[in-house]
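# Analysis of the macromolecular model
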Protein chains: 2
Amino acid sequence: MSDTAFSDLVLPPDGRQSETARAIQRGALRYLAARGLVGVPEFSLASGRRADIAALDLRGEVWVVEIKSSVTDFRTDRKWADYRAHCDRLFFAVGPDFPVEILPEDTGILVADAFGAGLVREAPLHALAGATRKALTLRFARAAAGRLMGLMDPEALRGVVL
Amino acid sequence: MSDTAFSDLVLPPDGRQSETARAIQRGALRYLAARGLVGVPEFSLASGRRADIAALDLRGEVWVVEIKSSVTDFRTDRKWADYRAHCDRLFFAVGPDFPVEILPEDTGILVADAFGAGLVREAPLHALAGATRKALTLRFARAAAGRLMGLMDPEALRGVVL
């Protein structure tokens, strides 16, 4: 995470997301919490890409949830397949009006609004190698704790590259 | 972390700490951030005890920082030695007036106020076993992300045991 600048440690500014994407994000995070997973939005992967949500279950399984606010958003995204290398399960989270049949078959599907989400299809498991999981879990831990520190005491992270 | 109730996922209520302990906590967290570590205050260990601060460096080294707000606080604490089994390095963090010579020799010492901390003595390394580190890192990741979720959307964690 040495490439993580201060800007990655504060919550993502509202401007980065559409209203729809924000609602889906909140609903998906609530769904994850109800299933016992903790999630970090806008999680920077080692590849430099950002996953919309990364989540960890009690045993350390890593999920990535990609939010698609529209069909156009999905069609123009060429990076989602890369996320598979950084998780044990890959989901798309979309709004209630999204035509889920266009989503790739080997991914999970959540249909979400601002208040929660429903599972349309479970994501297949493609287990990470041990070393990758270890590095990802540490990265996740540092991202979550860094954001928490930034919220509790913004001054603490001034000029710090974690 | 199945034993972690909702109450562990929100920030500790002010009432749990003295003003002095809070100041030392903030200063110690700033010191950790400046050294590239992220810290989680009031971290519940697998043993059920709470470490005042648990921290992770970039390589995954785990530090525990025990805050002692007074000599009495130190003399009456019989649990600090247990923390060694849950970290690679164990520090005490005390205020500027604390007589540091009474602290155990095989621990690190930080002298802190609300604005930062100075290193009086580096903590010796007693490296964790791999399985313990793995479990601790996951626990840390889930604690930090759970608190972050609780701050961003308290409703998401209502009735949830993470």
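All values derive from a computational prediction rather than experimental measurement. (Residues numbered from 1 in each chain as written. Chains lettered and ligands numbered in written order. Predicted model: local features only at pLDDT ≥ 70, side-chain atom pairs only at ≥ 80, totals over all residues. Heavy atoms only, no water.)

### Digging into the sheet that holds strand β6 (residues 116-121) of chain A
Spatially, β1-β2-β3-β4-β5-β6 (chain A) is the arrangement adopted by the six strands of the open sheet, whose pairing is mixed. Since the sheet does not close on itself, it has two edges, and those belong to β1 (38-44) and β6 of chain A, each with one partner. Strand-to-strand twist in this sheet, taken as the mean axis angle between neighbours without regard to direction, amounts to 30 degrees. Pairing between β1(A) and strand β2 (residues 50-56) of chain A: six bridges, direction antiparallel. Bridged to A:F43 within β2(A) is A:A51. The strands touched by helix α3 (residues 130-152) of chain A are β1, β2 and β3 (62-68) of chain A; relative to β1(A), the strand with the most contacts, the crossing angle is about 95 degrees. Contacts between helix α3 (residues 130-152) of chain B and the sheet are confined to β1 and β2 of chain A, with β1(A) contributing the most and set at about 90 degrees to the helix. (Pairing = 2+ DSSP bridges. Helix = DSSP H or I, 4+ residues; strand = E, 2+ residues; numbered from the N terminus. Axes fitted to C-alpha atoms, helices over the stretch in contact; angles between N-to-C directions. Contact = heavy atoms within 4.5 Å.)

### Considering the interface of chain B and chain A
Chain B puts 38 residues into the contact, and the matching count from chain A is 38 residues. For the pair chain B and chain A, the summed buried surface comes to about 3,000 Å²; carbon and sulfur atoms form 78% of the total. In this assembly, chain B and chain A are joined by two salt bridges. Where A:R30 meets B:D153, a salt bridge forms, and the shortest distance between an N and an O atom there is 2.7 Å. Between chain B and chain A we count eight residue pairs in polar contact (both at pLDDT 80 or more) in total. Breaking the side of chain B that touches chain A down by element, the ones donating at least two residues are α1 (19-34), β1 (38-44) and α3 of chain B. Looking at the side of chain B that touches chain A, the element that brings in the most residues is α3(B), giving 13 residues. Residue composition of the side of chain B that touches chain A, by class: 24 nonpolar, six polar and eight charged. (Buried area = accessible area lost by both parts, 1.4 Å probe. Salt bridge = Lys/Arg side-chain N within 4 Å of Asp/Glu carboxyl O. Polar contact = N/O pair within 3.5 Å; in protein donor to acceptor, adjacent residues only side chain to side chain. Nonpolar A, V, L, I, M, F, W, Y, C, P; charged D, E, K, R; others polar.)

### A word on the packing of α3(A) against α3(B)
Where α3(A) meets α3(B), the axes come as close as 8 Å, and the angle between the chain directions of the two elements is 40 degrees. Put simply, α3(A) runs oblique to α3(B). Of the two possible hands of crossing, α3(A) and α3(B) adopt the one that is left-handed. For the pair α3(A) and α3(B), contact is made by A:T137, A:L138, A:F140, A:A141, A:A144, A:A145, A:R147, A:L148 and A:L151 and by B:T137, B:L138, B:F140, B:A141, B:A144, B:A145, B:R147, B:L148 and B:L151, respectively. Residues belonging to the contact of α3(A) with α3(B) are distributed by class as follows: 14 nonpolar, two polar and two charged. (Parallel < 35°, antiparallel > 145°, perpendicular 65-115°, else oblique. Left-handed = near helix turned anticlockwise from the far one by under 90°.)

### A word on the relation of the copies chain B and chain A
Here the second copy of the chain follows from the first by a rotation about an axis and a shift along it. Between the two copies, chain B and chain A, the superposition gives an RMSD of 0.0 Å; the rotation angle is 180 degrees and the shift along the axis is 0.0 Å. With respect to symmetry, the two chain copies, as superposed, fit the operation of a two-fold axis. Residue B:A141 of chain B places its C-alpha closer to the rotation axis than any other residue of that unit, at 1.9 Å. An overlap of 100% is found between the interface residues of chain B and their copies at the interface of chain A, pointing to a shared contact surface. (Least-squares fit on C-alpha atoms with pLDDT ≥ 70 in both.)

### Some words on the environment of A:F43
Residue position: A:F43 is located in strand β1. For the pair A:F43 and A:R139, spaced 96 residues apart in sequence, the C-alpha to C-alpha distance is 9.1 Å.

### Focus: the pattern of salt bridges
The tally for this structure, following the rule as stated, stands at 28 salt bridges over all chains. Residue B:R35 is joined to B:E122 by a salt bridge in which the shortest nitrogen-to-oxygen separation is 3.0 Å. Of this pair, B:R35 sits in the loop between α1 and β1 while B:E122 is found in the loop between β6 (116-121) and α3, placing the two residues 87 residues apart along the sequence. Here the salt bridges share partners, and the residues they tie into one network are A:D57, A:R59, A:E61 and A:R89.

### Re the sheet that holds strand β3 (residues 62-68) of chain B
Read across the open sheet, the six strands follow the order β1-β2-β3-β4-β5-β6 (chain B); overall the sheet is mixed. Two strands in the sheet have a free side with no partner beyond their single neighbour: β1 and β6 of chain B. On average, each strand axis in the sheet is tilted by 30 degrees relative to the strand beside it, whichever way the strands run. Its contacts with the sheet put α3(A) on β1 and β2 (50-56) of chain B, and the angle it makes with β1(B) is roughly 90 degrees. Each of β1, β2 and β3 of chain B touches α3(B); the most contacted strand, β1(B), lies at about 95 degrees to it.

### Examining unusual backbone geometry
Glycine aside, the phi torsion of most residues is negative, and most peptide linkages are trans. All names here are of chain A. In this structure, E42 is a non-glycine residue whose phi angle is positive, near 50 degrees. As for its position among the elements, E42 is in strand β1. Using a relative accessible area of 5% as the deciding quantity, one classes E42 as buried. (Buried < 20%, exposed > 50% of the residue type's maximum accessible area, 1.4 Å probe, protein only.)

### Topic: the pairing of β1(B)
Counting buried positions along β1(B) gives seven out of seven residues, so the element sits mostly inside the fold. Between the antiparallel neighbours β1(B) and β2(B) lie five residues, among them B:G48 with a positive phi of about 100 degrees.

### Comments concerning the layout of surface pockets
Computed from the structure, the largest pocket encloses a volume of approximately 430 Å³. Lining the largest pocket are 23 residues, with B:R133, B:K134, B:A135, B:T137 and B:L138 positioned closest to its centre. Elements with a contribution of two residues or more to the lining of the largest pocket: α3 of chain A together with α3 of chain B. For the lining of the largest pocket, the leading source of residues is α3(B), giving 10 residues. Partitioned by chemical class, the residues of the lining of the largest pocket number seven nonpolar, eight polar and eight charged. (1 Å grid on protein atoms, 1.4 Å probe; cavity = no way out; pocket = protein on both sides within 12 Å on 5 of 7 lines; lining within 4 Å. Points joined across faces, edges and corners; volume = space filled by probe spheres on them.)

Geometric values such as these leave the question of function open.
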